[in-house]
Amino acid sequence: PTYAHRCLVRLQDDDVISYVVSQNVDGLHRRSGIRAELLSELHGNCYIEKCAACGAEYLRTFDVTYRRGPYFRRVVDELSQSGISHITGRKCCSCEAGMLRDSVIHF
């Protein structure tokens, strides 16, 4: 995160700003310390996976759109409206059945 991100965190902590809206998918707002409940990432976050079954969310240290896991390799992503698969190839640890999907919007 940059100095600007840290400034936003300070403004958040001092109650100067109440909400942050971002179009970036790089996850820097979240990693800088902006609280998830005070942030809308309009185009998603390339470090977040969500379970298609139970909705559990996983914040990763790596870009989930590039680093694929070993599961669900031949499964068609029926939830995708763009035709691009969002299945990351990892299983949910919470419900142990759901497949994880990235949250990035592909145009």
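Let us look at the structure shown here. (Residues numbered from 1 in each chain as written. Predicted model: local features only at pLDDT ≥ 70, side-chain atom pairs only at ≥ 80, totals over all residues. Heavy atoms only, no water.)

1. Observations concerning the pattern of salt bridges
- Counted by the stated rule, this structure contains 8 salt bridges.
- With a closest N to O distance of 3.0 Å, D14 and R10 form a salt bridge.
- For R10, a relative accessible area of 56% puts it in the exposed group.
- Close ionic contact of D77 with R101 constitutes a salt bridge, the shortest N to O distance being 2.8 Å. Residue D77 is found in the loop between β4 (57-59) and β5 (87-91), and its partner R101 is found in strand β6 (residues 99-102); the two are separated by 24 residues along the sequence.
- Residue class for D77 comes out buried when judged on its relative accessible area of 11%.
- Assessed through its relative accessible area of 15%, R101 is described here as buried.
- Through salt bridges that share partners, D13, R35 and E37 make up one connected network. (Salt bridge = Lys/Arg side-chain N within 4 Å of Asp/Glu carboxyl O. Buried < 20%, exposed > 50% of the residue type's maximum accessible area, 1.4 Å probe, protein only. Helix = DSSP H or I, 4+ residues; strand = E, 2+ residues; numbered from the N terminus.)

2. Details of the pairing of β6
- As paired elements, strand β3 (residues 48-51) and β6 share 3 bridges and run antiparallel to each other. Each bridged residue has a counterpart across the sheet, and for K50 the counterpart in β6 is R101. (Pairing = 2+ DSSP bridges.)

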